[in-house]
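Survey of secondary and tertiary structure
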Amino acid sequence: MAKSNQTVKGVKTKEKGYIRLFVQIFFFTLVGLIVINHALEESGKGISWLSSASLHAICPFGGVVSIYKFVTTGMFVKKIHESSFVLMFIMFILAVGFGPLFCGWICPLGSFQEWFGKIGKKIFKKRYNNFIPNKYDKYLRYLRYGMLALIIYKTATLGYLVFWNFDPYYTLFNFWTGEVAIGGLIVLGIIILASLFVERPWCKYLCPYGALLGIFNTFRIFKIKRNPSTCISCGACDRACPMNITVSKSRVVRNHQCISCLKCTSEYACPVAGTVQFATKGGE
Amino acid sequence: MKMKSISIAIIIFLIVFSGIELAKITGYWRTESLKIPIKIKTGEFAGEYNPEDIRGSYRFSDIAKYFEIPLEDLQKAFGLPADEDVANFQCKELKEIYGYLEEEGKEIGTGSVRLFVALYKGLPYDLSEDTCLPLPAVEILKERANLSDEQIKYLETHSIDISEDSTTKTELEKEEATVEKEDSDV
Ligand code: SF4
Ligand code: SF4
């Protein structure tokens, strides 16, 4: 992140990333507490001021898989409710403005992989997150669109959450209840293991929601922009990017994998002030 | 225009929570399914909503809507305080309020709502279940519903005085206690 504190013209004290970390911890804790409260409420001991919604009811992707059923029958897929639709719209609004902020700042599964990946970073140092050769990797990154299409098609035709028993997000927050399926545990286990080698493996290769939000990167209002005239081609932005995007070769990052984490910007990795920024078209 | 982390954090909190608040205000924030009881399929009452299908998660507003019972009657019947949000009160919350009855082997809960609704609407209900009702509920039923002798007898032995100075004895137990006291006074 802020490892490039060299004395380069225009360098100022680097932000350490605590702001994003705070937001990630906040949402991780919030979701965790809601899940616990949901279980407590079933036994009549819930905390009244905290939502006791089920995890499905506060999942914005639940809204996405329900669109077809809602349009054709006016009903939701089983276990999905209006709240999922509301959250889906909120995340779409954020994505139109700023890209997949949900992935980089809110999604507890994304945060979990990121935090777990720190162990891998300690073990493999520079090799971490660079194991898969780019010539294969760039195609593998489109796998998640296949996953998105498959899940939307299956849920639309069958009318229930077809893949819940493989859902790592559900498993992560419910493994202590004994209600999780073995498939979910296996997927989560693989993700944890893979996180030791690759940053955010689920996000990169399989997450259907990340795939959908990634499309917004092609037209979002605020974009990651690099100013070539001040860029010193040190590659700090490329090394900082968890999604392996070569920011140093783009003027504007439109890559579908960008998660708007801002790690590449001059606020964090880029050593030259005002060179990589999160800005609108007019904003330099 | 440029954006830094701090602005993004603020925007996230603002948009997410104001969006949820807005949905709550407009009544679109629902995290559970709409409560619609199933209908009675056969017999004299076919087509009516079935009180047996009322579940703990049903709110009093759902009951008011489907069984056409005024919220005031429900509030009074189950002894809910004046400042209670009656519309959003869930049947299962009765168990919290009247949990203290459990020590005496009695219960006012979702079953009581089912019984009240059934008798109020003149719909069939299995009286062998030994369900109790708060005294005000019995009074309302006597006033509004068409009760059979058997039902009146049942209610008299299964009503619980929930007023603050009351013990939790059923009316019949109280009567018996009074008679015993009178006997010993003599
Ligand atoms: S890609 Fe999927 S798992 Fe990763 S952060 Fe985004 S929504 Fe979460
Ligand atoms: S390009 Fe920048 S903002 Fe996008 S994922 Fe990479 S580091 Fe994060």
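Nothing here was measured: the structure is a model prediction, and the numbers come from that model. (Residues numbered from 1 in each chain as written. Chains lettered and ligands numbered in written order. Predicted model: local features only at pLDDT ≥ 70, side-chain atom pairs only at ≥ 80, totals over all residues. Heavy atoms only, no water.)

1. Observations regarding the packing of aromatic side chains
The condition is simple: We call Phe, Tyr and Trp rings a pair once their centres come within 6.5 Å, taking the six-membered ring for Trp, and we label the pair stacked below 30 degrees between planes, edge-to-face above 60, and tilted otherwise. Numbering of helices and strands runs from the N terminus, with a helix taken as a DSSP run of H or I at least four residues long and a strand as a DSSP run of E at least two residues long. Burial classification: accessible surface area is computed with a 1.4 Å probe over protein chains only, and a residue below 20% of its type maximum counts as buried, one above 50% as exposed, and the rest as partly exposed.
Applying the stated criterion across every chain, the model contains 31 aromatic pairs over all chains. Centre to centre, the rings of Phe26(A) and Phe13(B) are 4.9 Å apart; their planes meet at 85°, and the pair counts as edge-to-face. Highlighted residues: Phe26(A) in helix 1 (residues 18-42) and Phe13(B) in helix 1 (residues 5-25), drawn from two different chains. Its relative accessible area of 22% is what places Phe13(B) among the partly exposed residues. With a centroid separation of 5.7 Å and an interplanar angle of 15°, the aromatic rings of Phe27(A) and Phe13(B) are classed as stacked. A residue pair is termed interchain when its members come from two chains, as with Phe27(A) in helix 1 and Phe13(B) in helix 1. Counting every residue linked through ring pairs, the aromatic cluster contains Phe22(A), Phe26(A), Phe27(A), Phe13(B) and Phe17(B).

2. Side note on unusual backbone geometry
The residue Leu262(A) is not glycine, and still its phi comes out positive at about 75°. One can find Leu262(A) in the loop between strand 2 (252-253) and strand 3 (276-279). For Leu262(A), a relative accessible area of 1% corresponds to the buried category. Phi at Glu68(B) takes a positive value of approximately 50°, unusual for a residue other than glycine. Take Glu68(B): it is sitting in the loop between helix 2 (60-67) and helix 3 (71-77).

3. Digging into the pairing of strand 3 of chain A
Residues and elements named next belong to chain A. Quick note on the threshold: Pairing between two strands requires that DSSP report at least two bridges joining them.
The two faces of strand 3 match: Val 276 and Phe 278 on one face and Gln 277 and Ala 279 on the other face are all buried. Direction of pairing for strand 1 (residues 223-226) relative to strand 3: antiparallel, over a ladder of 4 bridges. Across the sheet, residue Lys 225 finds its bridge partner in strand 3, namely Gln 277.

4. What to know about the site of ligand 2
So the rule is basically this: If a single non-hydrogen atom of a residue is within 4 Å of a molecule or strand, that residue counts as near it. Under the scheme applied here, ten amino acids are nonpolar (Ala, Val, Leu, Ile, Met, Phe, Trp, Tyr, Cys and Pro), four are charged (Asp, Glu, Lys and Arg), and all others, including Gly, are polar.
As a structural note, the neighbourhood of ligand 2 is formed by 13 residues, with Cys241(A), Cys258(A), Cys261(A), Leu262(A) and Cys264(A) the closest of them. Residues belonging to the shell around ligand 2 are distributed by class as follows: 11 nonpolar, 1 polar and 1 charged.

5. Thoughts on the interface of chain B and chain A
To keep things clear, this is the line we draw: What makes two residues a contact is simply this: any of their non-hydrogen atoms within 4.5 Å. A 1.4 Å probe defines the accessible area here, and the buried area is the portion of it lost by two parts on being joined, summed over both. Put simply, a salt bridge is a Lys or Arg side-chain nitrogen that is within 4 Å of an Asp or Glu carboxyl oxygen. For this analysis, a polar contact is any N or O atom pair within 3.5 Å, provided that within protein one partner can donate a hydrogen and the other can accept it, and provided that sequence-adjacent residues contribute only side-chain to side-chain pairs.
Counting residues at the interface gives 26 residues for chain B and 37 residues for chain A. Across the interface of chain B and chain A, roughly 2600 Å² is buried in total on both sides, 75% from carbon and sulfur atoms. Summed over the three residues of chain B that lose the most area to chain A, namely Ser5(B), Ile12(B) and Tyr28(B), the buried surface amounts to 21% of that side. The interface formed by chain B and chain A holds 0 salt bridges in total. At the junction of chain B and chain A, the tally comes to 6 residue pairs in polar contact (both at pLDDT 80 or more). Take the side of chain B that touches chain A: its biggest share by element is 13 residues, from helix 1 of chain B. For the side of chain B that touches chain A, the per-class residue count stands at 15 nonpolar, 5 polar and 6 charged.

6. Some words on the pattern of salt bridges
Residues and elements named next belong to chain B. Within this structure, the stated rule accounts for 13 salt bridges over all chains. Between Arg 144 and Asp 73 there is a salt bridge, and its shortest N-O distance comes to 2.3 Å. Taken as a pair, Arg 144 in helix 6 (residues 135-144) and Asp 73 in helix 3 lie far apart in primary sequence, 71 residues in all. A relative accessible area of 43% means that Arg 144 is categorised as partly exposed. Of the residues examined, Asp 73 reaches a relative accessible area of 8% and is grouped as buried. Notably, a salt bridge pairs Lys 142 with Glu 156, separated by 3.6 Å at the nearest N-O pair. Of this pair, Lys 142 sits in helix 6 while Glu 156 sits in helix 7 (residues 149-157), and the two are 14 residues apart along the sequence. Judged by its relative accessible area of 37%, Glu 156 falls in the partly exposed class.

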